[in-house]
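Residues per chain are reported as follows:
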Amino acid sequence: DKNFNVTLHFRKSLVTEVPQWISVNGIPIYDDEGHPTGHFGVVRDVTSLMEAREQLMRETNRAEDSGKLKSVFLANMTHEIRTPLNAIVGFSDLLQVIDNPQERREFIRIIRNNCDMLIRLINDIIEASNMNQGPLAIEREEVDFAIAFSDICQSLAQRVEEPDVQFIVDNPYPSFLVTIDKGRMQQVITNFTTNAVKYTHKGHIKVGYHYMSENELSETTGFVLHQEDNQPERNGLYMYCEDTGAGIPKDKQTAVFERFVKLNDFVQGTGLGLSICKSIADRCDGHIGVMSEGEGHGSTFWIWIPCTRKDA
């Protein structure tokens, strides 16, 4: 004997086999003596309206999460940029009162290291900004990657300062002529190695590359391929960075490639490097991943980019 307004969710009904939302509005009907004899109302299919509301809720939650991430990112950037700046300013002031040549060289080395750190931070921020505007640009050119890889490894070796960490280079080919974006590949291996240096204090850091097919990639890394029927097998450049550092828990190995993700907030960095590497892999129609048995067992970051070797 009351008005009613209900919205019901059906997984299926006599009308349709697909899920739908139904809104029912009714008012009671009375006979001449004032007794209720039924209800008169309207039944409406409001599935599209409810789906739009759920989509709006998801977008709202995503916007809130994005706002929180940006706030955390700005707070981290303030700290990350201030740290090398303080070192640069502080040791630059001390240089003018230091007469010992060995101490001056050590101070200059510290200043240069912090300058490099600051440049990497700024480059990561610029790359992240470019990713928001569109996919990262890939400019392919014919290069001898064996030479390019050797050059970048000479620079990366200078970043390994721990006395108990050995830097190993796996450059298996005297010549490796391919058409790729050399700068992007150097950027990826630099980001991999920089992360390894942060988390590895004993053992080794090994960087290398090989020419392999997607099936060989799957056998090497355990990466699950989703090949379409009749798609020819592709070959490509496989680069990796293996370390004996802190390792990565199994449940966080996918999350490390997301933006602003840092497994240890006390380690310097923006949390952007690996997400930039993933963007490069996606832009090149390649694959990227990490292998680790868990915390304390080290890790191996890798990327595979399709290409054809011309001097095989």
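On a predicted model such as this, the values are computed, not experimentally measured, just so you know.

J.: Looking at this model, I keep getting lost on the overall build of the protein chain. Mind explaining?
T.: Across its full length, the protein chain holds six helices and ten strands. About 18900 Å² of surface is accessible on the protein chain, with carbon and sulfur atoms providing 52% of the total.

J.: It is not clear to me how the packing of aromatic side chains should be interpreted in this structure. Could you clarify?
T.: Two descriptors summarise a pair of aromatic rings, namely the distance from one centre to the other and the angle between the planes of the rings. If you walk through the whole model with that rule in mind, you get 14 aromatic pairs. With a centroid separation of 5.3 Å and an interplanar angle of 70°, the aromatic rings of F176 and Y209 are classed as edge-to-face. Taken together, the positions of F176 in the loop between β5 (165–170) and β6 (177–180) and Y209 in strand β7 (residues 203–213) put the pair 33 residues apart, joining distant regions of the chain. By relative accessible area, which is 0% here, F176 ends up buried. Note on Y209: relative accessible area 0%, which makes it buried. With a centroid separation of 5.9 Å and an interplanar angle of 25°, the aromatic rings of Y238 and Y240 are classed as stacked. What makes Y240 buried here is its relative accessible area of 7%. Ring-pair connections join several aromatic residues into one group, and the members of that group are F145, F149, Y173, F176, Y209 and Y211.

J.: Mind showing me how you'd approach helix α3 (residues 145–157) here?
T.: Helical geometry: 3.6 residues make up each α-helical turn, so side chains three or four residues apart lie on a common side. For α3, built from 13 residues, the straight-helix expectation of 18 Å at 1.5 Å per residue is met to within 8% by its first-to-last C-alpha distance of 18 Å. Every buried residue belonging to α3 is among F145, A146, A148, F149, I152, C153 and L156, and all of these are buried. Viewed along the axis of α3, the buried residues span an arc of 160°, placing them on a single side of the element. Next to the buried residues of α3 lie β4 (141–144), β5, β6, α4 (182–199), β7 and β8 (235–243).

J.: Teacher, can you tell me more about unusual backbone geometry here?
T.: Peptide bonds are mostly trans, and most non-glycine residues show a negative phi. With a phi angle near 60°, D285 is a residue other than glycine that sits in the positive phi range. Relative to the helices and strands, D285 resides in the loop between α6 (273–283) and β9 (287–291).

J.: I keep staring at the nonpolar core and nothing clicks. Help me out?
T.: Within soluble globular proteins, side chains that are nonpolar tend to cluster in buried spots. By size, the foremost hydrophobic cluster in this structure holds 43 residues, and its most contacted members are F145, F192, Y209 and L237. For this core, the element with the highest residue contribution is α3, accounting for seven residues. The contact partners of F192, leaving out residues within four places of it in the chain, are C241, L274, C277, I288, F301, W302 and I303.

J.: Looking at this model, I keep getting lost on the sheet that holds β7. Mind explaining?
T.: As a general point, the strands of a sheet are linked pairwise by backbone hydrogen bonds and lie either parallel or antiparallel. Strand order in the open sheet made by the five strands is β5-β7-β8-β10-β9, with mixed pairing throughout. The open sheet is flanked by β5 and β9, the only strands paired with a single partner. Recorded for the sheet is a direction-independent mean angle of 15° between the axes of neighbouring strands. As paired strands, β5 and β7 are joined by six bridges and run parallel to one another. Bridging across to β7, Q166 finds its partner in H204. Strands β5, β7, β8, β9 and β10 (299–306) of the sheet are contacted by α4, whose axis makes an angle of about 20° with β8.

J.: In this structure, what is going on with the sheet that holds strand β3 (residues 36–45)? I would like to understand it.
T.: Reading across from one edge, β1-β2-β3 is the order of the three strands in this open sheet, with antiparallel pairing throughout. Across the chains shown, the open sheet's two edge strands, defined by having one partner strand only, are β1 (4–10) and β3. Going from strand to strand, the sheet's axes swing by 25° on average, the running direction of each strand aside.

J.: In this structure, what is going on with the pattern of salt bridges? I would like to understand it.
T.: Here the idea is simple: oppositely charged side chains can pair when their charged atoms come close. Counted under the stated rule, the structure contains seven salt bridges. Across the pair K310 and E142 runs a salt bridge, and its minimum N-O distance is 2.9 Å. Taken together, the positions of K310 in the segment after β10 and E142 in strand β4 put the pair 168 residues apart, joining distant regions of the chain. We classify K310 as partly exposed; its relative accessible area is 48%. Sharing partners across several salt bridges, the network here consists of E106, R109 and E161.

How each quantity is defined
- Residues numbered from 1 in each chain as written.
- Predicted model: local features only at pLDDT ≥ 70, side-chain atom pairs only at ≥ 80, totals over all residues.
- Heavy atoms only, no water.
- Helix = DSSP H or I, 4+ residues; strand = E, 2+ residues; numbered from the N terminus.
- Areas by Shrake-Rupley, 256 points an atom, 1.4 Å probe, with all protein chains shown as cover.
- Phe/Tyr/Trp six-rings, centres within 6.5 Å; stacked < 30°, edge-to-face > 60°.
- Buried < 20%, exposed > 50% of the residue type's maximum accessible area, 1.4 Å probe, protein only.
- Expected span 1.5 Å × (residues − 1).
- Arc of directions from axis to C-beta.
- Contact = heavy atoms within 4.5 Å.
- Core = buried A, V, L, I, M, F, W, Y, C linked by side-chain atoms within 4.5 Å.
- Pairing = 2+ DSSP bridges.
- Axes fitted to C-alpha atoms, helices over the stretch in contact; angles between N-to-C directions.
- Salt bridge = Lys/Arg side-chain N within 4 Å of Asp/Glu carboxyl O.

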